[in-house]
Each structure stands twice: as structure tokens, then as C-alpha cells.
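The chain contents come next:
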Amino acid sequence: SAAPRLRTVEWWAHTRSSRRAHHQLHFDLDEATLLSGGGTRHPLVSSVLYLGGRKAAPTMVTTQTLASGSGDAAAEATPLPA
């Protein structure tokens, strides 16, 4: 089990105006470890929760890696209307 190796958790929240509704593409990873030269460490689990009644942009998950620079598959998750 990976549970004994777990050390940290990260969460964050934000809102966007309707004129700036999108979030830039990014990798979920431990940025402090990456910036200190320790390589890439990705979370065991990532999730997205949409709250509120406004139309939200879909979330895209890809097979892209920092090393490859591109991926060969992608999936889109569109939030259901409130």
C-alpha cells in the first residue's frame, strides 16, 4: 500500500469571472520538490469539484508528461448543470 509513504496533502480553491473562466493547463505535482532538483512527484489522487450554478469549463486529463512534452490520449470531464 502507498498509504505509509504519504506525507503531504494540497488543496486550493478559486473563483473566476465569466470573462476569465478558464484555468491554464498545468501538471498536478509537488512543485517544491521539482524546483529543488528532486525530480517530479505526482499525487496518488487528483480531483476537481465544481460548486455553484454558473457554467463551468470542462477539465481535461491527458497522458502528457514533463519528459515527453506531449501525450497520446486525453479525456474531457464536463461538469453537469446545477
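Everything discussed here concerns the structure shown above.
In this text, all values refer to a predicted model and were calculated from it rather than measured experimentally.

Calculation notes
Residues numbered from 1 in each chain as written. Predicted model: local features only at pLDDT ≥ 70, side-chain atom pairs only at ≥ 80, totals over all residues. Heavy atoms only, no water. Salt bridge = Lys/Arg side-chain N within 4 Å of Asp/Glu carboxyl O. Helix = DSSP H or I, 4+ residues; strand = E, 2+ residues; numbered from the N terminus. Buried < 20%, exposed > 50% of the residue type's maximum accessible area, 1.4 Å probe, protein only. Polar contact = N/O pair within 3.5 Å; in protein donor to acceptor, adjacent residues only side chain to side chain.

Engineer: Explain the pattern of salt bridges to me, and be specific about the residues and the numbers.
Structural biologist: Following the criterion strictly, the structure yields 1 salt bridge and no others. One salt bridge in this structure joins R41 and D30, with 3.4 Å as the shortest N-O distance. In this pair, R41 sits in the loop between α1 (31-35) and β1 (59-62) while D30 sits in the segment before α1, placing the two residues 11 residues apart along the sequence.

Engineer: Residues and numbers for the environment of D30, please.
Structural biologist: The class of D30 is partly exposed, set by a relative accessible area of 22%. In this structure the side chain of D30 is engaged in a polar contact, spanning 2.8 Å, whose partner is the side chain of T33.

Engineer: Which residues make up the environment of G39, and what are the values?
Structural biologist: Tracing the chain through its elements places G39 in the loop between α1 and β1. For the pair G39 and L29, spaced 10 residues apart in sequence, the C-alpha to C-alpha distance is 10.0 Å.

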